[in-house]
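Per-entry structural report
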Amino acid sequence: MLETMQDVIELATAPDARERLVRRFMRVRGRTVGLVAPLTPEDQMIQSMPDVSPSKWHLAHTTWFFEIFVLSRYAPGYTAFDERYGYLFNSYYNKLGNRHPRPQRGMLSRPSWDEVQRYRDHVNAACLRLIRQIPDDGLTELTDVIILGLNHEQQHQELIVTDIKHVLWSNPLMPAYHAHANSPVPTTAPQKWFEHRGGLVQIGCDPNDPSSRTPFCFDSETPRHDTYVRPFRLAGRPVTCGEYREFIESGGYDKPEYWLSDGWAEVEAQEWRAPLYWHKQHGEWLVYTLAGVKPVVDSEPVCHVSFYEAAAYAAWAGKRLPTEAEWELFGRTQMADGNMQECGTLHPASSPCAGLGPWQMYGDVWEWTASPYTPYPGYKAPPGAVGEYNGKFMCNQMVLRGGSCATPGDHIRATYRNFFPPNARWQFSGIRLAEDL
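Computed from a prediction, not measured in an experiment: that's the story for all the values here.

Turning next to the packing of helix α7 (residues 241–249) against helix α9 (residues 307–316). Orientation of α7 relative to α9, taken along the N-to-C sense of each, is 80 degrees, at an axis distance of 11 Å. As summarised for this structure, α7 and α9 are arranged roughly perpendicular, according to the angle between their axes. Contacts between α7 and α9 involve E243, Y244, E246 and F247 from the former and E309, A312, Y313 and W316 from the latter. In the contact of α7 with α9, the residues fall into five nonpolar, no polar and three charged.

Listed below in structure tokens is the structure:
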């Protein structure tokens, strides 16, 4: 939720600052609409489970965010497109009033998709006027809030992808979202391990550090702080489908000794026997992807596993999951690029294991860590409704790192802390192992 002061000043005072902000605003907003282009209006209103939101709702909610946090605050005389939309498209901001229940978002056949697009056009036009007309002394603050809104929208771009995958998979026809698919690589390099001597280290984002390469971070990534890390080794690549299949075939889902108590209860209650989207047909494992159903490729990173499954696999393999501090120590030595949303396949790819490792730290799959999502020492939530963005969720969630094939490439960084409940499986979540030295 924070941007380095240097970046804010440069963005707001450069001669072309307004036009740079305009271009970024339109690029991100246009990308969201592009993601739903392959979908029918019917596709975009389905809610296949409570954690999934309809694509149309994502389009409207991200627009509501700009209307509430930008236009109503900074645009004098702005008139809301429809006052009723505050109730329909508020997600979880209690300070902004009542809202439509999350599990019932799929009931919103109205407003129509066309009306939601008119809503986006209305807010887009108002935001562009504001960027170009606000006095110079207000541009820095406006820029900060708009950059927050764009990063918020990128989070929802990823959710559009993960949610529509669950929606289409829930259809008995299992239709494809698109025709792009990875070229399968039949093998991957043997697992390698990378050592770190540990010690007293610093993790987290310092938005006031002029040497930082991170132009933006959310408040939950701050403050940068000292933490002690014992010597450890980190796996060079994520666990593959073939390696996870060995866990399945060895009876991993039937042996409670590998599972946390809550995880074993979830396995029994949900009858899990494989990652989400896997199924067996004529003795062969198949997986649903956004390009349709295909055979499981052993060399690809295993995906759509819960924290419980990740921890059980690690126990079965005689290893453990890394802490988020351990992950960050290696993550910040790597370039934040990889198989991400812009690559277009929206599916994890096999690791080339070429060049310096570790590999695939960014993209492909979010990697579960052993760390609960709790506030860093000294953390304080921002004042006002925007303070509900992250802090209120710091309970009963586990941290994931690194981004996935559905994450926008310019949205991820070493300090980024994603978080989900330990039983969540519909995200592109996978496993990287660690062990003590």
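Another point: the side chain of Q360. With respect to the helices and strands, the residue Q360 is situated in the loop between α10 (324–331) and β10 (366–372). At 3.3 Å, the side chain of Q360 and the side chain of S351 are in polar contact. Residue contacts for Q360: discarding those within four places in its chain leaves R237, P238, P301, A349, S350, S351, E367 and R432.

For helix α3 (residues 55–74), spanning 20 residues, the distance from its first C-alpha to its last is 28 Å, which sits close to the expected 28 Å at 1.5 Å a residue. Among the 20 residues of α3, 17 are classified as buried, and the element is accordingly described as predominantly covered.

What follows is about the environment of A235. Looking at the secondary structure, you find A235 in strand β6 (residues 232–235). Counting along the chain gives 84 residues from A235 to K319, while the straight-line C-alpha distance between them is 9.9 Å. Sequence-distant contacts of A235, that is, excluding residues within four places in its chain, are made with Q191, K192, W193, P358, R432 and L433.

Strand order in the open sheet formed by three strands is β2-β6-β14, and the pairing between neighbours is antiparallel. Only two strands of the sheet have a single neighbouring strand rather than two, namely β2 (193–196) and β14 (434–436). Between one strand axis and the next, the sheet turns by 25 degrees as a mean value, whatever way the strands run. Judged from the three bridges that link them, β6 and β14 form a sheet pairing that is antiparallel. Looking across to β14, one finds that R233 is bridged to E435.

Attention shifts here to α9. A turn of α-helix holds 3.6 residues, and therefore any two residues three or four places apart point the same way. Burial within α9 is extensive, with eight of its 10 residues counted as buried. By the burial criterion, the buried members of α9 are F307, Y308, E309, A310, A311, A312, Y313 and A314. Turning to α9, the residues buried within the fold contact α7, α8 (261–270), β10 and β11 (398–401). The first or second residue beyond α9 is G318, which carries a positive phi of 75 degrees.

Here is what the cut-offs are and how they apply
Residues numbered from 1 in each chain as written. Predicted model: local features only at pLDDT ≥ 70, side-chain atom pairs only at ≥ 80, totals over all residues. Heavy atoms only, no water. Axes fitted to C-alpha atoms, helices over the stretch in contact; angles between N-to-C directions. Helix = DSSP H or I, 4+ residues; strand = E, 2+ residues; numbered from the N terminus. Parallel < 35°, antiparallel > 145°, perpendicular 65-115°, else oblique. Contact = heavy atoms within 4.5 Å. Nonpolar A, V, L, I, M, F, W, Y, C, P; charged D, E, K, R; others polar. Polar contact = N/O pair within 3.5 Å; in protein donor to acceptor, adjacent residues only side chain to side chain. Expected span 1.5 Å × (residues − 1). Buried < 20%, exposed > 50% of the residue type's maximum accessible area, 1.4 Å probe, protein only. Pairing = 2+ DSSP bridges.

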